[in-house]
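Reading the structure
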Amino acid sequence: MNNLHVRKGDNVKVLTGKDKGKTGKVLATDPKTQMVLVEGVNIATHHIKPRSATEQGGRKKVEAPLAASNVQIICPSCGKSVRIRHQEVDGKNARICAKCGASLDAALKVEKADKKAKKAAEKKAKKAESEVAEEETKAKKEGTKTAKKTKKAETKEVPVEQSTDGKTE
């Protein structure tokens, strides 16, 4: 099994190459080829040929993979690019900052929990917003129905009562 010292979501610093010194977030990892894809780093230009008359060709800038050995993790607690140690914490293997001793995996879990909480809050807000909109549309519909009913009641002809002797009053 080929494990990498970086994981998706880590902030890393590039150590070598044309983008030396740049930092970015890891978008994807490939342990088999020991490559990582870093956001905003190692930009390559792909030329796209139009395949149909409606499709447009051109040049597209994309991130190209880097060798995992050319990046170093930035510790979220001390803010420096650091080497990592592996240590067993609570029966699980955790990545630890070699300089300050902080757990790198705990920081990722906190970020993921924050993202989940933010998503849940957005979802609740959207749901509440849609419910309010539905209630408003229902109220509008009911308002127009009652307006129509009152118009009908006003325009309805009142039947003329006839007396028992056959004369109209």
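What to know about the overall build of the protein chain
Assigned secondary structure in the protein chain consists of 1 helix and 10 strands. When the elements of the protein chain are put in sequence order from the N terminus, they spell out β-β-β-β-β-β-β-β-β-β-α. Taking contacts inside the protein chain between residues at least 6 apart in sequence as the whole, the part at least 24 apart equals 40%. Total accessible area on the protein chain stands at roughly 13,500 Å², and carbon and sulfur atoms take up 52% of it.

Quick notes on the nonpolar core
Membership of the largest hydrophobic core comes to 17 residues, with the highest contact counts inside it found for Val6, Val12, Val36, Val38, Leu66, Val71 and Ile73. Listing elements by their share of this core, those giving two or more residues are strand 1 (11-14), strand 3 (35-38) and strand 7 (71-74). Setting aside its immediate chain neighbours within four residues, Leu66 contacts Val14, Gln34, Met35, Val36, Val38, Val41, Asn42 and Val71.

Structural notes on the environment of His5
Relative to the helices and strands, His5 is located in the segment before strand 1. In sequence terms His5 and Arg83 are 78 residues apart; their C-alpha atoms lie 9.0 Å from each other. Ignoring any residue separated from it by four or fewer positions in sequence, one finds His5 in contact with Asp10, Ala68, Val71, Ile73, Ile84 and Arg95. In this structure the side chain of His5 is engaged in a polar contact, spanning 3.2 Å, whose partner is the backbone oxygen of Val71.

Topic: the state of the cysteines
Inspection of every chain in the model, using the stated rule, returns 0 disulfides. Take Cys75: it sits in no disulfide, and the sulfur closest to it among the cysteines is that of Cys78, at 3.6 Å. On the accessibility criterion, Cys78 (28% relative accessible area) is partly exposed.

Considering the side chain of Gln72
With respect to the helices and strands, Gln72 occurs in strand 7. With a relative accessible area of 18%, Gln72 lands in the buried category. A polar side-chain atom of Gln72 sits 3.5 Å from a polar atom in the side chain of Ser81. In this structure Gln72 touches Asn11, Val12, Lys13, Leu15, Ser81, Val82 and Arg83, once residues within four positions along its chain are discounted.

Some remarks on unusual backbone geometry
Glycine aside, residues mostly have negative phi angles, and peptide bonds mostly take the trans form. Although it is not a glycine, Gln34 adopts a positive phi angle of roughly 60 degrees. On the basis of relative accessibility, which here comes to 33%, the residue Gln34 falls in the partly exposed class. We note that Asn42 has phi near 60 degrees; this positive angle belongs to a residue other than glycine. Assignment of secondary structure puts Asn42 in the loop between strand 3 and strand 4 (43-48). The exposure class of Asn42 is buried, given its relative accessible area of 16%.

What to know about the confidence of the model for the protein chain
Chain-level statistics for the protein chain give a pLDDT mean of 83 and a share of 80% at 70 or above. The spread of mean pLDDT over the elements of the protein chain runs between helix 1 (residues 104-155), the lowest at 74, and strand 3, the highest at 95.

Each value, and the rule that gives it
- Residues numbered from 1 in each chain as written.
- Predicted model: local features only at pLDDT ≥ 70, side-chain atom pairs only at ≥ 80, totals over all residues.
- Heavy atoms only, no water.
- Helix = DSSP H or I, 4+ residues; strand = E, 2+ residues; numbered from the N terminus.
- Contact = heavy atoms within 4.5 Å.
- Areas by Shrake-Rupley, 256 points an atom, 1.4 Å probe, with all protein chains shown as cover.
- Core = buried A, V, L, I, M, F, W, Y, C linked by side-chain atoms within 4.5 Å.
- Buried < 20%, exposed > 50% of the residue type's maximum accessible area, 1.4 Å probe, protein only.
- Polar contact = N/O pair within 3.5 Å; in protein donor to acceptor, adjacent residues only side chain to side chain.
- Disulfide = S-S within 2.5 Å.
- pLDDT = per-residue confidence, 0-100.

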